[in-house]
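Examination of the molecular architecture
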Amino acid sequence: MKTSEGVKQEDIAVTSVDEMFKRLSSSNNGLSVSESQKRIQKYGYNEIIEKKASPLKKIFGYFWGPIPWMIEVAIILSLIIQKWEDFIIISILLLLNAVVGFWQENKADNAIELLKKKMALNAKVKRDGKWSEIPSRELVPGDIVRVRLGDIVPADAKLIDGEYLEIDESALTGESLPVEKHVSDIAYSGSVVQQGEMDALVISTGMNTYFGKTTKLIAEAKTQSHFQKAIIKIGDYLIVLASLLVVIIFLAALFRHESLLDTLQFALVLTVAAIPAALPAVLSVSMAVGAMNLAKKEAIVSKLTSIEEMAGMDVLCSDKTGTITQNKLALADVVSFDGFDSTDVYLAGLLASREEDRDPIDNAIISKINTIRDITDKSEKYQVMDFKPFDPVIKRSEVTVESDQGEKFRFAKGAPQVILKMADTDKQMIEQVQETVDTFASKGYRALGVAKGDMEGKWDVLGIIALYDPPYDDSAETIMNAQSMGVDIKMVTGDHLAIAKQIAKQVKLNTNIVTESSIFDKSDEKAGKCIEKADGFAQVFPEHKYHIVEVLQKRGHIMGMTGDGVNDAPALKKADVGIAVAGATDAAKSAADIVFTKAGLSVIVDAIKESRMIFQRMKSYSIYRIAETVRVLFFITLSILIFNFYPVTALMIVLLALFNDAPIMAIAYDNVRYSNLPDKWNMREILSMATFLGIIGVISSFLIFYIGEHVLNLGQGAIQSFIFLKLAVAGHLTIFLARTKGPFWSIRPSGILFWSTIITKLIATLIVVYGIYITPIGWGLASFVWVYSIMAFVITDFLKIQFYKLLDESGLNLWKRV
């Protein structure tokens, strides 16, 4: 099979667009590899470079903001009232806040940067006369590239060969309608090809493109997920609670005519300790850790919040092709109709296919027919004059050829119903085609119609080609696993209803598969019920996917959607979790939240598990943080109001905050069990349990306060050190209470969480034993505090289990976990 001459190009030095375009006349080989390397050195890589703050500037950035500002005021007050120990420790807290913040952000940024590299787009380029696929960043001016349906244009390029393109430039211009482009028009980097296929000459790359010049920094509108909203609500609740109690303490001190500066310093430090300043860091690091774990399993996360949303996903609409099935098509059979034979069908199918497009159907046909020498020999007698690649909207591809006798013909292949409409057929032919399609479908085969036409528009149906796409070996098991985790899997396909039912049987899905006509002809209420009950959808077009997602979201479901085509992009964006499957177009990857580089559904189950584990970590952190705020704030406030006694000093509060940082950050790496049902925020359960643990902590703190003052007869300084150690030890033990619903030993903590709590508690013990900046109490009293705290921990753990049972029985715990 021959191709038309097309464009010509020399290996020329780039001087101007017009000169390059004029000189495309002597060869069609594209740039040489050596020339492309020289041009990379001259023009740089084809990438938009984001301006980022330097590491030093980032660190200094953490010295500003509400929390650092309050710490800085406390430092100044310590200087004024000449409390040098407070000054040193609070300064260390400020520095640690900046360093830890920088380290965590840098860690998350590096993880995201690595994920972006894995997401890098490729381009089809012609070099040394051969088409190949290279990373888009390696393109240089002068390269010839091919762009087709679903591609993101990799650089500013002048169209030089082909019929037309329809391009979505909305990301660049804001224009919602696609723009039609022809030879000599410019296709801009970042725009999406919606229809057509053309070759183009690269004229600008990287920061020199239209996109690069107009957007020096790519900024993406950030939306808050359900997960983030819940975390922010918890943070706001703690800030309000802390502020209220601190104001009460401050007013009481004023009423008692205590030192204004001392009270102000204490109030500021207490506020800093109570406010969950680590919350954003814990959230971002948890997301980044989860994203890196998924990347190891070949799922690349492009939007971190999607991991959170997946934890609550209860419905997943999964593409059949490439996700449930292998998308490795093979020719299974061929049927020819009256007046034609299988050779005619094969020849037409071959001519209407193009190898360099790497289309799965084209590849299957070419691979099979290349083994039949007679047909390949016949194809050499035809020269391709015009080729229209497969368009998912009209569901066919078409080629115009000229034989060696000078005769011109057209061949088309596509959906049988589309091929039938093109031809002038009688009732008998329609029935024959339908019967053939049904027979193939009963075997799980996809049917592909083939037709031949003249230049006057008269078409004849030649026959039907059967294609088989088997399910993955693990599809049935994966679907069962997802269903056991509370996710309703609905298969979505454009294939015939009979094929969809056959594949559903093979992967152990129920066969309540409905067609688009049985859904969208009904009222919204009836359509919604029908969509909810359906196990899958057949013969649907891409626009129907969007509607299915929208309907289910309105009915309260958190939706996942898989897709691979350019027309799947709206549905992927609409879904709470959009997933581009392996082999998806650039447009689908761009619209998706998660991109799979491994074929099949098994990665989805891994992603669900990972997201639910992240949810459990954040839930543990929430319960712990609320409980600690209640325990510390209420104990200190009540001690000051009732006993007119400060149970800890400002310096001790700062030390508590310092010791809390390491274990809190380690929560992101903790061992947890994923839940067997979709996770949803039950704020009543979280607030009830956190408050319960906090109140028990207040009671146990007052009890050890009583023992220290009335039984051990300790002085004020010793009592404060005594209570400080209790707060430090018992506070970290609260993490182990919050992380499980059962006994604390039911889930083994991660090494980093366990040892971070042990080491920080040991440091706190050494400080009180040897009196570093505070009153020493010796090893005897320190040992007593340890024994007391561990006993209180065991008793509290037992009470926690009983309280969870009470919540379950009372109906407060609406989302039970296994």
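This text follows the structure it describes.
Heads up: these notes are all about the structure in this document.

Cut-off values and rules
- Residues numbered from 1 in each chain as written.
- Predicted model: local features only at pLDDT ≥ 70, side-chain atom pairs only at ≥ 80, totals over all residues.
- Heavy atoms only, no water.
- Axes fitted to C-alpha atoms, helices over the stretch in contact; angles between N-to-C directions.
- Helix = DSSP H or I, 4+ residues; strand = E, 2+ residues; numbered from the N terminus.
- Parallel < 35°, antiparallel > 145°, perpendicular 65-115°, else oblique.
- Left-handed = near helix turned anticlockwise from the far one by under 90°.
- Contact = heavy atoms within 4.5 Å.
- Nonpolar A, V, L, I, M, F, W, Y, C, P; charged D, E, K, R; others polar.
- Patch = residues over 30% accessible without salt bridge, like charges linked within 9 Å, V, L, I, M, F, W, Y side chains within 5 Å.
- Areas by Shrake-Rupley, 256 points an atom, 1.4 Å probe, with all protein chains shown as cover.
- Salt bridge = Lys/Arg side-chain N within 4 Å of Asp/Glu carboxyl O.
- Lys, Arg positive; Asp, Glu negative; His and termini not counted.
- Charge placed at Lys NZ, Arg CZ, Asp CG, Glu CD.
- Buried < 20%, exposed > 50% of the residue type's maximum accessible area, 1.4 Å probe, protein only.
- Pairing = 2+ DSSP bridges.

**Topic: the packing of helix α27 (residues 683-711) against helix α28 (residues 716-738)**
A packed helix pair is summarised by two numbers, namely the angle formed by the two axes and the spacing between the axes. Look at α27 against α28: their axes get within 10 Å of each other, and the N-to-C directions meet at 155°. Taken together, the axis directions place α27 and α28 in an arrangement best described as roughly antiparallel. Seen from above, α27 lies across α28 with right-handed handedness. On α28, the residues that touch Leu693, Gly697, Ser700, Ser701, Ile704, Phe705, Gly708 and Glu709 of α27 are Ile719, Phe722, Ile723, Lys726, Leu727 and Leu737. For the contact of α27 with α28, the per-class residue count stands at eight nonpolar, four polar and two charged.

**Regarding a negative patch on the surface**
A surface patch of negative charge is lined by Asp424, Asp426, Glu431, Glu435 and Asp438. You can see glutamate 435 is positioned in helix α17 (residues 427-442). The exposure class of glutamate 435 is exposed, given its relative accessible area of 56%.

**Considerations on the sheet that holds strand β21 (residues 594-596)**
Here eight strands make up an open sheet; going across it, the order is β8-β21-β20-β19-β9-β16-β18-β17 and the pairing mixed. Of all strands in the sheet, those bounded by a partner on one side alone are β8 (299-301) and β17 (513-515). In this sheet, neighbouring strand axes are inclined to one another by 20° on average, regardless of whether the strands run parallel or antiparallel. The strands that helix α19 (residues 497-506) touches are β16 (488-492), β17 and β18 (536-538); relative to β17, the one it contacts most, it runs at about 160°.

**Observations concerning the packing of helix α25 (residues 602-643) against α28**
At a minimum axis distance of 9 Å, the contact between α25 and α28 shows a crossing angle of 155°. What the angle tells us is that α25 and α28 run roughly antiparallel. Two packed elements cross with a definite hand, and for α25 against α28 that hand is right-handed. The residues of α28 that touch α25, namely those facing Ser620, Ile623, Tyr624, Ala627, Glu628, Arg631 and Phe635, are Ile723, Lys726, Leu727, Ala730, Gly731, Thr734, Ile735 and Ala738. When the residues that make up the contact of α25 with α28 are grouped by side-chain class, the tally is nine nonpolar, three polar and three charged.

Functional significance is not addressed by these values, which are geometric in nature.
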